[in-house]
Amino acid sequence: PAKAAAATRVGSGATNFDKWQSYDAEGAVEALERRESERESLRQRVVSLENKRAREEAMRRRGESEARADAMRARGNAAFGSARYEDAVSDYTEALEANPRSAALYANRSLALLKLRAFDEAEEDATAALDLEPSCVKARLRRAAARTELGKVDEAIEDLEARSSRDT
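Residues numbered from 1 in each chain as written. Predicted model: local features only at pLDDT ≥ 70, side-chain atom pairs only at ≥ 80, totals over all residues. Heavy atoms only, no water.

**Q** Please explain the overall build of the protein chain as it appears in this structure.
**A** Looking only at helices and strands, one finds 7 helices and 0 strands in the protein chain. Looking at the 168 residues of the protein chain, the share that counts as buried comes to 24%. Considering only contacts within the protein chain whose residues lie at least 6 apart along the sequence, 42% involve residues at least 24 apart. Counting only carbon and sulfur atoms, one obtains 51% of the accessible surface of the protein chain, whose full area is about 11,600 Å². (Helix = DSSP H or I, 4+ residues; strand = E, 2+ residues; numbered from the N terminus. Buried < 20%, exposed > 50% of the residue type's maximum accessible area, 1.4 Å probe, protein only. Contact = heavy atoms within 4.5 Å. Areas by Shrake-Rupley, 256 points an atom, 1.4 Å probe, with all protein chains shown as cover.)

**Q** I tried to follow the side chain of serine 102 on my own but got confused; where do I start?
**A** Topologically, serine 102 is positioned in the loop between helix 3 (85-98) and helix 4 (103-115). There is a polar contact of 3.2 Å between the side chain of serine 102 and the backbone nitrogen of leucine 105. With near-sequence residues (within four places) excluded, serine 102 lies in contact with Leu96 and Leu132. (Polar contact = N/O pair within 3.5 Å; in protein donor to acceptor, adjacent residues only side chain to side chain.)

Next up, the structure:
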C-alpha cells in the first residue's frame, strides 16, 4: 500500500508537471492584461459619464440661480423705482446670494444704500462692484458719492479722475 501511494504521488506530480509544461503563461498574462484594460476603460467611461452629469447639474443649478437673481434684481429695481429703498436693498441682497459675482447688483445696492444714507455700506458695495468689474462707471460714481458724504474728499476726487481718464 505504501508503494501504491508513492506511485500515485509520483504519478500525480508527473501529471501536474505535464499540465504546467502545457500551460500557456503568456496567453494567461495577455488575458489578464486584456481584462484589466477593459476594466480600466470601463472605469474611465463611468468617470467621464459621472463628470458629464455633474457638469450638467452644475449648469442647471447655475441657470436656476441666475434666473432667481434676475427675478430678485427686477424686484429690487421696482422697489427702488417706488422709493422703497430698504426693500430694494433686501431684494438686491437676495439676488447677490444667488449671484455673488455680479458687479451690477453691487452697484445697484450701493445706490439704494446711498438713498438710505448708509454711506459706509454704499462705499463697500461700490468697491465690491469695482473689484469684480474695474470699468463699472456707475460703481465708481457711487463710491465717489459715498466717499464725499464720508468726508473722504481726496479719495472721491481720485474716483472721479479715474472715471474721467477712462472716458477720454
